[in-house]
Amino acid sequence: MLQERLLLSVLPEHVAVKMRQDLGSALDTQFKKIYMSRHENVSILYADIVGFTAISSTYSASELVKILNELFARFDRLSERYHQLRIKILGDCYYCISGAPRERPDHAILSVHMGLSMVDAIKYVQQTTNSPVDMRVGIHTGAVLAGVLGQRQWQFDVYSKDVELANKMESSGLPGRVHISEKTYSYLNDEFEVEPGFGEKREEALRLAGIKTFFIVKALKPFKNAQDEIQNGNIVDNSRESSVINVASDVIDEVKCPPKKRSREDSDGFKLRLKKELMNRNGYNELSKHTSIFTLLFKNVSKEREYNYHNENLSSISLIGCPVALFFASVAQAIILPTDPLSTCSFCMGFVILVIFVLLPMAELFPRTFPEQLVWYSTIINNSSEMRRGIAFSVVFVLASSSLVDVISCQVVFLGGNNNCTTVEIYEGIHCLYPSYFTHFCVLILIAIALVAHLSHIVKALVLLVTAATHCLLNMFVIRESIMCEELNLHSFSLEHKPSTFSLSVLLLCVSNALAFLGRHMEKASRVLFLWRTEVEEQREKASDIGRRNEALVYNILPKHVAAHFLGDNRKRQHEELYSQSYAEVGVLFASMPNFSDFYSEETVNNQGLECLRFLNEVISDFDALLELPQFQDNIIKIKTIGSTYMAASGLNPSRIVRPDDPIEIRWAHLALLVEFALELKKALQGINEQSFNHFVLKMGINHGPITAGVIGARKPHYDIWGNSVNVASRMESTGKAGCIQVTEETCNILQHFGYKFEQRGLVAVKGKGQLMTYYLIGKGCPHPVPPPSMETVKEEEEEDYDEQNTVEPQDTETEPQDTENDALLKEETINS
């Protein structure tokens, strides 16, 4: 249940269901599976926190993660209210869409209400941090390609030129304002007052696209939710103003008093519903749909075969009643009636045979009591329905035969050949003075036969009727005189009138018929239980299969140790609980394909860009496949993909234990593995180029240092890492050169201990970091000392242009332990892709 909720909170339901169906199935296709679909008339909203860098040095990493999580959790609730689909969180940037996967005619109106609510919601951060942070929101309407790329760390994302324009709408907007395009304005139906935004003057991409922009002034019509409730005859106004007026207090209250766990309530409610359903369920009506009326055989041959081979636990115990019934009947006969050789012989032989036949199937239940060989034979018998039925029939036959043999020996011998019971004196040694007791013994035998579980109700009914009918014939033709003498003698000495031959026969037939109906009812109950058991097993297997698939998907969305945090056995922990972890020594890699933006086009020949994304999916999937190699598994973790940029990190495995006094070769072995992973990425892309006749190259940057990892979005968890080390790694990639791996001087000094060779590039101006000495990795060989830093600064014209293109807001601080600038830099490059 928790896996399902967590999975659906990360991926849209239609995507999660499709992935779960395909998981584990062999897909023999030329290309790897891509979960991508195109949607027209979709409003894309981008929202970025302005001034968040200013507070990054004031609060600790965990406190900033908590603030972001609380704010984005509020955004997630607003997205549910305004029917938005949250796409991704890029650091302090939040973006969502409306109108997909379910089409809505009011998608633009809903997105504008969402943007206005987000601007109001940022007031919580202003109050909490006492800083001038604000929200900048941009909205554009167009078509998107929505889905998941790659095979690991799945994240739902959208791609298209219109998504790029929506990002430009945000970056060219103003703090505290909702910036919309002219196309979005055309869908608003005059429900908002707007004013010119002149975003095309601040953003070259908007000017080239010929887009006019507007700012939302206010809403002319209150928002009416279709789910508004009616209380006391009045419609409850769930407008944007009423829903966000207490945003700060709502979030603060949630932090102080987290939502109550609903897992136990859901479980109790499920049990009550299940109990009620079972109580109201008529299993016999269901049985009639699956079986024939007379024979009770299942119409499905395979199900009937499964029922016949089904071995109920302890079912062999039902055979014990047969030797027990014979024993007590023989004891009673010995006490009441004088014994004779024939009855004694039949009892001894029958009892021994019955004990042997009963012990054979029961030995498996007591493996420590019986010999191992006997237990082995017992297992073979119990695993064969034919052998079980054969032994059961043999037991019933021996029991019935023993009871009938005793009746044959019951005859009265008269003196002088006169058969008049009233005038003759009977020998005192004659044993059959009370033949009616044999009928009562037969009733006990019939009950024991009816309790045998391995025979069908038809076989039982035949055996019962044959046994009763045979006994009736013996009463009427073999011991009829003995019964009459018993009746006359007892009538002359007592007032009670004992049954005659006819009444004893009627008693046997009535008992046998009653037991036959009881046997039919028992088999019906057994088949109903079998149906229910089969259904429960099927449901359990289906639930288990869904659970396994959900778990596999969750572990494919979140790193293993993070997924274990949410899916662990600690029931006291809520799955909404925050997750954050600080690491002191982590390696970070950014790898991008700078020429993919030129390759991407939305022409008809490319299926509106889908074929370009299909190729990108092949590239990312091959990159993901490298993570399964033994040397990289559990050592390198994919963080996310941002368009054509691949982000990975090392040193995040919590099971890795190192000490500060360990040598560099041990402490930073994972960083060397990250470099090897980067080199394998280059080889993989080279192989793809050879097969597809392309010339894509990778531009990579690597850095190391302390980071903070956490899950942002309590209801829709998104794992990410933050810190100055991440920002510098992003700068190493953005300011690097295509086909090269750029690292900082500190990273170079560590990697030289592992035999890597570097070429000094010089001082590079990194925005927000000043002048950094960087190096290009040129290969692996014998370690050599690093040359002293050169004071010559490399040319930065091209790098400044690239950096300016990807900059969202300037940085004023040198150290940003919790700034998410890397995401801000990469999100525009992503949309360009």
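Source: prediction; values computed, not measured. (Residues numbered from 1 in each chain as written. Predicted model: local features only at pLDDT ≥ 70, side-chain atom pairs only at ≥ 80, totals over all residues. Heavy atoms only, no water.)

(A) Quick look at the overall build of the protein. Assigned secondary structure in the protein consists of 32 helices and 18 strands. Each of the 833 residues in the protein was classed as buried or not, and the buried ones make up 51%. Total accessible area computed for the protein in this model is approximately 39,400 Å², and 57% of it derives from carbon and sulfur atoms. (Helix = DSSP H or I, 4+ residues; strand = E, 2+ residues; numbered from the N terminus. Buried < 20%, exposed > 50% of the residue type's maximum accessible area, 1.4 Å probe, protein only. Areas by Shrake-Rupley, 256 points an atom, 1.4 Å probe, with all protein chains shown as cover.)

(B) Region of interest: the pairing of strand β4 (residues 134-148). With 14 of 15 residues buried, β4 is to be regarded as a mostly interior element. Strand direction decides the pairing type here: strand β1 (residues 35-50) and β4, joined by 14 bridges, are antiparallel. Looking across to β4, one finds that Ile44 is bridged to His140. Where β4 and strand β6 (residues 178-181) come together, 3 bridges link them in parallel fashion. Along β6, the bridge assignment pairs Ile139 with Ile180. Pairing of β4 with strand β5 (residues 157-159), which is carried by 3 bridges, proceeds in the antiparallel orientation. Bridging from a neighbouring strand, Leu145 pairs with Tyr159 of β5. (Pairing = 2+ DSSP bridges.)

(C) Region of the structure containing the UniProt feature "transmembrane region" (unreviewed entry) in the protein. What UniProt calls "transmembrane region" (unreviewed entry) maps, in this numbering, to residues 314-335, 341-360, 391-414, 434-455, 462-479 and 499-518. Secondary structure content for residues 341-360 is 100% helix and 0% strand, while the C-alpha to C-alpha distance between its ends is 29 Å. As a span, residues 462-479 carries 89% helix and 0% strand, and end to end its C-alpha atoms are 24 Å apart. (UniProt positions renumbered as here; feature names shortened; annotations may be inferred.)

(D) Spotlight on the nonpolar core. Judged by nonpolar contacts, the single largest core of 51 residues is most densely connected at Phe677, Leu681 and Ile702. The element that contributes the greatest number of residues to this core is helix α28 (residues 669-692), accounting for 10 residues. Once residues within four sequence positions are removed from consideration, Phe677 is found in contact with Leu589, Phe623, Leu626, Leu627, Phe632, Ile636, Tyr646 and Ala648. (Core = buried A, V, L, I, M, F, W, Y, C linked by side-chain atoms within 4.5 Å. Contact = heavy atoms within 4.5 Å.)

(E) Broad picture of helix α24 (residues 560-567). Within α24, 6 of the 8 residues are buried, which leaves the element mostly enclosed by the surrounding structure. Three or more residues of α24 are buried, namely His561, Val562, Ala563, His565, Phe566 and Leu567.

(F) Summary view of the pattern of salt bridges. Enumeration over the complete set of coordinates arrives at 17 salt bridges. Salt-bridge contacts for Glu611 lead to Arg614; the nearest nitrogen and oxygen are separated by 3.2 Å. Of this pair, Glu611 and Arg614 both sit in helix α26 (residues 610-626), 3 residues apart, which is roughly one turn of the helix. A salt bridge links Lys640 to Asp720; its shortest N-O distance comes to 2.7 Å. Linking Lys640 in strand β12 (residues 636-642) with Asp720 in strand β15 (residues 718-722), this pair joins segments that are 80 residues apart in sequence. For Lys640, a relative accessible area of 0% puts it in the buried group. (Salt bridge = Lys/Arg side-chain N within 4 Å of Asp/Glu carboxyl O.)

(G) Representation of unusual backbone geometry in the model. Cis geometry is found at the peptide bond from Ala100 to Pro101, where omega equals 0 degrees. Of note, Pro101 is situated in the loop between β3 (93-98) and α5 (107-121). Unusually for a residue other than glycine, Phe198 sits at a positive phi of about 55 degrees. Counting through the fold element by element, Phe198 comes out in the loop between β7 (192-196) and α9 (199-202). A relative accessible area of 41% means that Phe198 is categorised as partly exposed.

(H) Main features of empty space enclosed by the protein. One pass over the full model with this rule turns up 5 cavities of 30 Å³ or more. Here the second largest cavity defines a volume of roughly 90 Å³. Contributing to the lining of the second largest cavity are Leu326, Ala329, Ser330, Gln333, Ser403, Asp406, Val407, Phe438, Phe441, Cys442, Ile445 and His471. Elements with a contribution of two residues or more to the lining of the second largest cavity: α16 (321-336), α19 (385-408) and α20 (436-450). Partitioning the lining of the second largest cavity into residue classes produces 7 nonpolar, 4 polar and 1 charged. (1 Å grid on protein atoms, 1.4 Å probe; cavity = no way out; pocket = protein on both sides within 12 Å on 5 of 7 lines; lining within 4 Å. Points joined across faces, edges and corners; volume = space filled by probe spheres on them. Nonpolar A, V, L, I, M, F, W, Y, C, P; charged D, E, K, R; others polar.)

(I) The arrangement of the packing of aromatic side chains in detail. Taken as a whole and assessed by the stated rule, the structure comprises 24 aromatic pairs. Relative to Tyr95, the ring of Tyr46 has its centre 4.5 Å away and its plane inclined at 5 degrees; by these criteria the two rings are stacked. Remark: Tyr95 occurs in strand β3 and Tyr46 occurs in strand β1; sequence separation between them is 49 residues. Classification of Tyr46 by relative accessible area gives buried; the value is 0%. Given a relative accessible area of 1%, Tyr95 falls into the buried group. The interplanar angle of 85 degrees and the centroid separation of 6.2 Å between the aromatic rings of Phe438 and Phe441 together place this pair among those described as edge-to-face. Here Phe438 pairs with Phe441, and both are found in helix α20, just 3 residues apart, close to one helical turn. Since its relative accessible area comes to 12%, Phe441 is described here as buried. Three or more aromatic residues joined by ring pairs make a cluster, and in this case those are Phe327, Phe328, Phe347 and Phe351. (Phe/Tyr/Trp six-rings, centres within 6.5 Å; stacked < 30°, edge-to-face > 60°.)

(J) Just the pairing of strand β18 (residues 770-780), in detail. As paired elements, strand β16 (residues 741-744) and β18 share 3 bridges and run antiparallel to each other. Bridge pairing links Val743 to Tyr775 in β18. Note that strand β17 (residues 756-766) and β18 share 10 bridges and pair antiparallel. Across the sheet, residue Phe758 finds its bridge partner in β18, namely Leu777.

(K) Inspection of the side chain of Ser403 at higher detail. Among the structural elements, Ser403 can be located in helix α19. Look at Ser403 and you get buried, because its relative accessible area is 11%. Of note is the side chain of Ser403, whose polar atom sits 2.8 Å from the backbone oxygen of Ala400. (Polar contact = N/O pair within 3.5 Å; in protein donor to acceptor, adjacent residues only side chain to side chain.)

(L) Region of interest: the confidence of the model for the protein. Mean pLDDT for the protein: 77, with 75% of residues reaching 70 or above. The secondary structure element of the protein with the lowest average pLDDT is helix α31 (residues 797-805), at 34, and the one with the highest is β6, at 95. Counting interchain partners and residues more than four positions distant, the pLDDT-below-50 stretch residues 423-430 has 14 contacts. Counting contacts from residues 783-833, a segment whose pLDDT is below 50, to residues more than four positions away or on other chains yields 156 contacts. (pLDDT = per-residue confidence, 0-100.)

(M) Representation of the packing of α16 against α20 within the structure. Relative orientation of the contacting elements α16 and α20 amounts to 170 degrees, with a least axis distance of 9 Å. In terms of axis orientation, α16 runs roughly antiparallel to α20. Contacts between α16 and α20 involve Gly321, Cys322, Ala325, Leu326, Ala329, Ala332, Gln333 and Ile336 from the first element and Tyr437, Phe438, Phe441, Leu444, Ile445 and Ala448 from the second. Partitioned by chemical class, the residues of the contact of α16 with α20 number 12 nonpolar, 2 polar and no charged. (Axes fitted to C-alpha atoms, helices over the stretch in contact; angles between N-to-C directions. Parallel < 35°, antiparallel > 145°, perpendicular 65-115°, else oblique.)

(N) Up close: the environment of Lys168. By the element assignment, Lys168 lies in helix α7 (residues 161-171). Along the primary structure Lys168 and Glu203 are separated by 35 residues, whereas in three dimensions their C-alpha atoms are 7.1 Å apart.

(O) How the structure looks around the side chain of Ser43. Summarising the element assignment, Ser43 is placed in strand β1. Residue classification places Ser43 among the buried residues on the basis of a relative accessible area of 0%. Separated by 3.0 Å, the side chains of Ser43 and Thr141 make a polar contact.

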